[in-house]
Amino acid sequence: MSNGASTQYDVVIIGAGVSGNLIAKQLGLAGKKVLILEAGLPVPDSREEYVNNFYLALAKTPESPYPALAGRTGSTESGRRAARSVEASHTTRNCALHRQGARPQLSGPGATVDRDS
Amino acid sequence: MTNTPTPPSESVVQDFANMSAALTGFQPSFIRPFLDPVNLSGIFYSFVVSQVGQTTMDTLMSAFDALSNQTPKLTPQQIANTLLEVSSSTPSPQAQLCQSIIAMWYLGSWYTPGVLGGNGFAPPAIQVISSQAYTKSLAWNLAQSHPMGFSAFTFGYWSQQPASLETFGVDTGNGGGQ
């Protein structure tokens with residue numbers, strides 16, 4: 001995170017979901033320097049396991065397909081949300097800079113800073 | 001409850017499939033096709049035995065056998081009505097087991113017999129029996145639809161009327177679904 005800590009960003013987006021990525025793309029196209037922080041695990045090559053998790057989940061919630069993160073053990077929605085916000089507050093695992101239309105780097109541990117291209 | 005489960009015999013599974021067809025209102029040949037690589041009937045039979053014990057299951061199957069051997073022959077709907085004790089406001093434990101078997105086929109999940117929900121809500125399921133139990137569950141067929149991420153339909157199917165309920169395995173001929 002040393003590079004990231006010394007870099008100035010115009011916008012920091014928390015969460016590399018659909019909305020965050022779309023906004024990051026538009027900001028990048030507009031020439032803004034954007035940092036995306038994502039607490040989730042890297043996306044695996046095959047998402048079959050996600051589908052299977054979903055089928056076997058008793059309650060089909062938006063989060064059911066995904067493996068539980070360490071620390072996210074709450075069985076209630078509010079518990080999960082609380083655990084996630086704690087993680088997000090100190091996450092340094094998957095950081096991605098999206099700039100000038102470059103594709104977000106969402107996999108791999110540690111901060112990925114796509115400085116220029 | 002049971003010892004190491006041995007696979008149920010062919011005739012037992014077929015008998016269970018016939019009873020399941022009567023209870024669910026689906027065609028027996030759909031519940032247990034001639035070629036049945038998934039074998040949900042066998043999986044479900046063994047699962048129920050693991051939950052309620054062999055004795056309870058044997059008693060239920062005997063009750064079904066007695067009904068299906070009656071003369072004049074009862075329709076699947078009549079057999080289901082009798083097993084489910086639809087005319088009673090306080091169904092017996094055996095009828096409650098039949099309710100759970102119906103839920104198992106329709107939702108791929110196991111609900112403890114006799115445990116009711118509240119305020120109009122269903123009771124919580126104990127477990128989804130397996131991925132295949134979920135994707136092959138009958139609710140999708142009754143809705144002429146398919147589960148998320150699992151479809152045998154061809155691209156563009158949504159632009160056409162769904163196939164008939166019979167095509168989806170529903171026994172519409174003799175009272176499957178009142």
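The preceding data block contains the structure.
The structure presented is a predicted model; accordingly, all values stated were derived computationally and were not measured.

Reading the values: the criteria
- Within any chain, residue numbers begin from 1 and follow the written order of that chain's sequence.
- All chains are assigned letters beginning at A, and all ligands numbers beginning at 1, according to the order in which they are written.
- It should be noted that, the model being predicted, local features are given only for residues of pLDDT at least 70 and side-chain atom pairs only at 80 or more, the latter also being counted only at that level, while totals for whole chains, interfaces and linings use all residues.
- The side-chain values count all of the structure's non-hydrogen atoms but skip hydrogen atoms and water molecules.
- Only DSSP runs of H or I covering at least 4 residues are called helices, and only runs of E covering at least 2 are called strands; the numbering of each starts at the N terminus.
- Type-normalised accessible area, obtained with a 1.4 Å probe on protein chains alone, sets the label of each residue: buried when under 20%, exposed when over 50%, and partly exposed for intermediate values.
- Here, Shrake-Rupley sampling with a 1.4 Å probe gives the accessible areas, and only protein chains in the shown set may cover a residue.
- The contact criterion used is simple: two residues touch if any of their non-hydrogen atoms lie within 4.5 Å.
- Expected span of a helix: the number of residues minus one, times 1.5 Å.
- Buried area: the sum, over both parts, of the accessible surface (1.4 Å probe) that disappears when the two are put together.
- Criterion for a salt bridge: a side-chain nitrogen of Lys or Arg within 4 Å of a carboxyl oxygen of Asp or Glu.
- Between N-to-C directions, angles span 0 to 180 degrees; the directions come from axes that are lines fitted to C-alpha atoms, helices contributing only their stretch in contact.
- In these notes the angle categories are as follows: under 35 degrees is roughly parallel, over 145 is roughly antiparallel, 65 to 115 is roughly perpendicular, and the rest is oblique.
- Crossing chirality is assigned from the near helix's rotation relative to the far helix, an anticlockwise turn below a right angle marking it left-handed and a clockwise turn marking it right-handed.

Examining the overall build of chain A
A count of helices and strands for chain A gives 4 helices and 4 strands. Taken from the N to the C terminus, the helices and strands of chain A come in the order α-β-α-β-α-α-β-β. Going through the 117 residues of chain A one by one, you find that 30% of them count as buried. Only carbon and sulfur atoms are counted for the fraction: they give 53% of the accessible area of chain A, which is about 7300 Å².

Section: the overall build of chain B
If you tally the helices and strands in chain B, you get 8 helices and 2 strands. Ordering the α and β elements of chain B from the N terminus gives α-α-α-α-α-α-β-β-α-α. Expressed along its principal axes, the backbone C-alpha trace of chain B runs to roughly 50 × 40 × 40 Å. Long-range contacts, defined here as pairs at least 24 residues apart, represent 57% of the contacts in chain B between residues at least 6 apart. Carbon together with sulfur atoms contributes 58% to the accessible area of chain B, which is approximately 9900 Å² in total.

Focus on helix H6 (residues 93-107) of chain B
Residues and elements named next belong to chain B. Across its 15 residues, H6 extends 21 Å between first and last C-alpha, which sits within 8% of the 21 Å expected from 1.5 Å per residue. Inspection of H6 places Ala95, Leu97, Cys98, Ser100, Ile101, Ile102, Ala103, Met104, Trp105 and Tyr106 among the buried residues, and these make up the whole buried set. One or two positions beyond H6, positive phi appears at Gly108, with a value near 70°.

Quick word on the interface of chain B and chain A
Counting from both sides, the interface comprises 11 residues of chain B and, opposite them, 7 residues of chain A. When chain B packs against chain A, the two sides together hide about 730 Å² of surface, and 67% of this comes from carbon and sulfur. The largest contributions to the chain B side of the interface with chain A come from Val128, Ser131 and Tyr134 of chain B, which together make up 60% of the buried area. Our count for the chain B to chain A interface comes out at 0 salt bridges.

Describing the packing of helix H3 (residues 40-52) of chain B against H6 of chain B
Residues and elements named next belong to chain B. At a closest axis distance of 12 Å, the pairing of H3 and H6 adopts a crossing angle of 140°. Classified by the angle between their axes, H3 and H6 sit oblique to one another. Considering how the two elements wind past one another, H3 and H6 form a crossing that is right-handed. Between H3 and H6, the residues in contact are Leu40, Ser41, Phe44, Phe47, Val48 and Val52 and Leu97, Ile101, Met104 and Trp105, respectively.

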